[in-house]
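Take a look at the letters that make up each chain.
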Amino acid sequence: MTQNQQTAKRKPGTPGPFSRWIQRTMNARTSRKIHAGRDKFMGMDVLVLNTLGRRSGEPRETPLAWFPDGENAWLIVASGGGSQHPDWHANLMAHPTNASIALPGRAPLPVTPTTLEGPTRTQAWQTITTAQPRLAKYQSKSPRQYPVIRLTPR
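Presented here is an overview of the structure given in this document. (Residues numbered from 1 in each chain as written. Predicted model: local features only at pLDDT ≥ 70, side-chain atom pairs only at ≥ 80, totals over all residues. Heavy atoms only, no water.)

1. Overview of the nonpolar core
Item 1. Counting 15 residues, the largest nonpolar core has Leu47, Leu49, Trp74, Ile76, Trp88, Ile101 and Leu151 as its most contacted members.
Item 2. Listed by contribution, the elements that provide at least two residues to this core are strand E2 (44–52), strand E5 (74–77), helix H3 (87–94) and strand E8 (148–153).
Item 3. With near-sequence residues (within four places) excluded, Leu49 lies in contact with Arg60, Glu61, Thr62, Leu64, Ile76, Trp88, Leu92, Ser100, Ile101 and Leu151.
Item 4. Grouped together as the second largest cluster of nonpolar side chains are eleven residues, Leu116, Ile128, Leu135 and Tyr146 included. (Core = buried A, V, L, I, M, F, W, Y, C linked by side-chain atoms within 4.5 Å. Buried < 20%, exposed > 50% of the residue type's maximum accessible area, 1.4 Å probe, protein only. Helix = DSSP H or I, 4+ residues; strand = E, 2+ residues; numbered from the N terminus. Contact = heavy atoms within 4.5 Å.)

2. With respect to helix H4 (residues 118–131)
Residues lying three or four places apart along an α-helix face the same way, a consequence of the helix completing one turn every 3.6 residues.
Item 1. Taking 1.5 Å per residue, 14 residues should reach 20 Å; H4 reaches 20 Å between its end C-alpha atoms and fits that length.
Item 2. Those residues of H4 that fall on the buried side of the exposure criterion are Arg121, Ala124, Trp125, Ile128 and Thr129. Down the axis of H4, the sector holding all buried residues measures 130 degrees, keeping them to one side. Residues of H4 that are exposed and point more than 90 degrees away from the buried face comprise Pro119, Thr122, Gln123 and Thr130. (Expected span 1.5 Å × (residues − 1). Arc of directions from axis to C-beta.)

3. A short note on the pairing of E2
When a strand is regular, its side chains alternate between the sheet's two faces.
Item 1. With seven of its nine residues buried, E2 lies for the most part within the structure.
Item 2. Looking at chain direction, E2 and strand E3 (residues 59–65) are connected through seven bridges and run antiparallel. Each residue of the ladder has a partner; that of Asn50, found in E3, is Glu61.
Item 3. Counting the residues in the hairpin turn of E2 and E3 gives six residues, including Gly57, whose phi is positive at 75 degrees. (Pairing = 2+ DSSP bridges.)

Functional significance is not addressed by these values, which are geometric in nature.
Next up, the structure:
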């Protein structure tokens, strides 16, 4: 298959093969650093979200920024560039009972994801954008509303 054929089959706003390779490589590197105890990336607290691939059923690891939500919950944002939610979001929603997180230097912890809506989402979004104003800037350029997900221990 030629590059033009691959590009023609790809939905507009989705990354190409090279971009996906870069993303996988950087995610793997960042995940290793988090497992080794590094707790910040670009000034944000980070964790590793463990999911199962929605089609493959294979384990997936995705490093993500998180924001505190009380003493025992974490907020994550399905931002990712493009016109659709990131793959990790689809994986999480397809297999929510298989989700876990790894905080820097700690063993994985099973979590329950809840997509926030209405006033709860608005309040959480305010907390997130106060901590990281760049997310509000990214959201303003996107045609979709970024899901905000609360992760609580199971």
